[in-house]
Amino acid sequence: MAGPKNSFTIAGGVRAYRWTDAETGEETDVLSVTSIRKLCGEPHNLVSWKVANVVNLVMGVRKVEFTGPRGGLRKKYVQDGEFPGEFATKLLAAEGDEDELARVRAWLNKQADEPRDVAATRGTAVHAAIELGYMQPDEAWIRTQFSNKRLTATADDLTFVRDCLRQYRSLRADVPFVILSQEPQVWNLTAGYAGSFDALIWMMPEGTAPEAIAFAQKKADVGQIDLEIVKNVGGELVLADWKTSSGVYSDHVVQVTAYMAAEFVGTDGVKDDRVTELLRAAQKGALVHIRPNGWTVHFCAFEAGTLLAFLGSCAFARFLALHPEPTALFTGKLNGKADEDDD
């Protein structure tokens, strides 16, 4: 599947972006915000999740999240097929054959991420519906989002997506904000990173009439809201990322901070001056946590310390990307070998 525009993949599946300036033709390669974290090392909670996931596969069970009869979320272990499970069945069928065991090992490595893929696909479907304005998508559309990832949507998946979108509709009804830009691609060529976030939003003044919000949204949809209008009306600009995961994490705060520190917005070598000006005026981030049983907006201020932490990771990740092997870092070597009869 193709990645974002202007992106490409380097060793280890790490994503990078290339900015080709439309005026000068100068090319600059930078790392993606999310790949920087991957290069520096995955968060402890994600590593723990992966270990637990492998244990579940070996035991022939998987943890699933579903919506209860009263709308609450529950997690439980369910049998993965017939006992003793697919892994044990494959392992016994290999009968110690090295080639067969290698195939079982490769299968286990691949399957270990499946539950995460399901959760990620649920989130992707919710994100896509919000971006496209599909507030109540039909079943066929949701199933297509899963089949595009080579997954089959279950009844729980359908319920999860629909309930999340119901909560998003509640959010839009209760919180007076306007989406000014969706999925803007941001760049910081000096620090060496790029990426895109979900939405740049305008939190309008408390008490703004719904009709005024709707009118502003129509203007925003055709790119007719600029920083001068925002200043005249009031309110504040916020960089927002939708999250459907079970929790929000410190890494998410670091990511939105990195996006706020971008030098400009642009794509295909052309800078978007209007959205860049709006982004530079945003001094607050928001993790919009949308779950099937509710929503929460976690605000975070732009903090120099948080940005410094990210820039340290950025420098380290770039170093690792440029030096996947230490050979070029060596200035010389000594080697030897003990004699076989040397006691």
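Residues numbered from 1 in each chain as written. Predicted model: local features only at pLDDT ≥ 70, side-chain atom pairs only at ≥ 80, totals over all residues. Heavy atoms only, no water.

1. Topic: the sheet that holds strand β14 (residues 294–301)
Next up, step 1: Judged by pairing direction, the sheet is mixed, and its five strands sit side by side in the order β6-β9-β10-β13-β14 without closing on themselves. Since the sheet does not close on itself, it has two edges, and those belong to β6 (177–182) and β14, each with one partner. Across the sheet, the mean angle separating the axes of adjacent strands is 30° when strand polarity is ignored.
Next up, step 2: Both β6 and strand β9 (residues 199–203) contribute to a ladder of five bridges, which runs antiparallel. Bridge pairing links Ser 181 to Leu 200 in β9.
Next up, step 3: Its contacts with the sheet put helix α7 (residues 155–174) on β6, β10 (236–243), β13 (284–291) and β14, and the angle it makes with β13 is roughly 135°.
Next up, step 4: Lying over the sheet, helix α8 (residues 210–221) contacts β6 and β9, oriented at roughly 10° with respect to β6. (Pairing = 2+ DSSP bridges. Helix = DSSP H or I, 4+ residues; strand = E, 2+ residues; numbered from the N terminus. Axes fitted to C-alpha atoms, helices over the stretch in contact; angles between N-to-C directions. Contact = heavy atoms within 4.5 Å.)

2. What about the packing of helix α3 (residues 86–94) against helix α4 (residues 98–111)?
Next up, step 1: Here α3 crosses α4 at 165°, and the two axes come no closer than 9 Å. When the axes of α3 and α4 are compared, the pair comes out roughly antiparallel. When the axes of α3 and α4 are compared, the crossing they make is left-handed. Between α3 and α4, the residues in contact are Glu 86, Phe 87, Lys 90, Leu 91 and Ala 94 and Glu 100, Leu 101, Val 104, Trp 107 and Leu 108, respectively.
Next up, step 2: Its residues placed into classes, the contact of α3 with α4 shows seven nonpolar, no polar and three charged. (Parallel < 35°, antiparallel > 145°, perpendicular 65-115°, else oblique. Left-handed = near helix turned anticlockwise from the far one by under 90°. Nonpolar A, V, L, I, M, F, W, Y, C, P; charged D, E, K, R; others polar.)

3. Looking at the packing of aromatic side chains
Next up, step 1: According to the stated counting rule, one finds seven aromatic pairs in the structure shown.
Next up, step 2: When the ring of Tyr 17 is compared with that of Trp 187, the centres are 5.7 Å apart and the planes differ by 80°; the resulting orientation is edge-to-face. On the criterion of sequence distance, the pair formed by Tyr 17 in strand β2 (residues 14–20) and Trp 187 in strand β7 (residues 185–188) is long-range, its members being 170 residues apart. Of the two residues examined, Tyr 17 and Trp 187, each falls in the buried class. (Phe/Tyr/Trp six-rings, centres within 6.5 Å; stacked < 30°, edge-to-face > 60°. Buried < 20%, exposed > 50% of the residue type's maximum accessible area, 1.4 Å probe, protein only.)

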